[in-house]
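Below, each chain spelled out in residue letters.
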Amino acid sequence: VGGPYTNLDLANLFKIEGGAENGVDVAGGDVLLGDCKRDACAEAVVQCLENESCVDLEFSLVSNEDTALTNDGWSSAFTSM
């Protein structure tokens, strides 16, 4: 059975586009209780790295069944805290 698979190989195999599919609830501080899906957590990390309003910001997030946040949605969530 061939060599080891990377995430990119599996993404191509399953035709996965990438990015979070579900929405998240975001709140300042450590106040939310619940689970967060890995893709939503990864998206939050990327958005924090790209968004200056996330500097020195403490927040929590929990996955929900809403539509995933857009870049503007993330920016709004970070600036509102």
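Residues numbered from 1 in each chain as written. Predicted model: local features only at pLDDT ≥ 70, side-chain atom pairs only at ≥ 80, totals over all residues. Heavy atoms only, no water.

A. Geometry of the overall build of the chain. Secondary structure summary: the chain contains three helices and two strands in total. Here the chain, with 81 residues, has 25% of them falling under the buried criterion. Restricting the contact set of the chain to residue pairs at least 6 apart, pairs at least 24 apart contribute 76%. Total accessible area on the chain is roughly 6000 Å²; 52% of this is exposed by carbon and sulfur atoms. (Helix = DSSP H or I, 4+ residues; strand = E, 2+ residues; numbered from the N terminus. Buried < 20%, exposed > 50% of the residue type's maximum accessible area, 1.4 Å probe, protein only. Contact = heavy atoms within 4.5 Å. Areas by Shrake-Rupley, 256 points an atom, 1.4 Å probe, with all protein chains shown as cover.)

B. The arrangement of unusual backbone geometry in detail. For Asp56, which is not glycine, the phi dihedral falls at a positive 55°. Looking at the secondary structure, you find Asp56 in the loop between helix 2 (38-50) and strand 2 (59-67). Among the residues examined, Asp56 registers a relative accessible area of 79% and is labelled exposed.

C. Representation of helix 3 (residues 71-79) within the structure. Among the residues of helix 3, Trp74, Ala77 and Phe78 are the ones counted as buried. An end-on view of helix 3 places all buried positions within 95° of arc, on one side of the element. In helix 3, the exposed residues that point more than 90 degrees away from the buried face are Asp72 and Thr79. Where the residues of helix 3 are buried, they touch strand 1 (22-28), helix 2 and strand 2. (Arc of directions from axis to C-beta.)

D. Inspection of the packing of aromatic side chains at higher detail. Applying the stated rule across the entire model yields two aromatic pairs. Seen in terms of ring centroids, Trp74 and Phe78 are 5.7 Å apart; in terms of plane orientation they differ by 35°. Their pairing is tilted. Linking Trp74 with Phe78, this pair stays in helix 3, spanning four residues, or about one helical turn. By the burial criterion, Trp74 is buried, and Phe78 matches it. Three or more aromatic residues joined by ring pairs form one cluster here, namely Phe59, Trp74 and Phe78. (Phe/Tyr/Trp six-rings, centres within 6.5 Å; stacked < 30°, edge-to-face > 60°.)

E. Fine view of the packing of helix 2 against helix 3. Where helix 2 contacts helix 3, the axes come no closer than 11 Å and their chain directions differ by 75°. Taken together, helix 2 and helix 3 sit at an angle that is classed as roughly perpendicular. Between helix 2 and helix 3, the residues in contact are Ala40, Glu43, Ala44, Gln47 and Cys48 and Asn71, Trp74 and Phe78, respectively. Split into classes, the residues belonging to the contact of helix 2 with helix 3 amount to five nonpolar, two polar and one charged. (Axes fitted to C-alpha atoms, helices over the stretch in contact; angles between N-to-C directions. Parallel < 35°, antiparallel > 145°, perpendicular 65-115°, else oblique. Nonpolar A, V, L, I, M, F, W, Y, C, P; charged D, E, K, R; others polar.)

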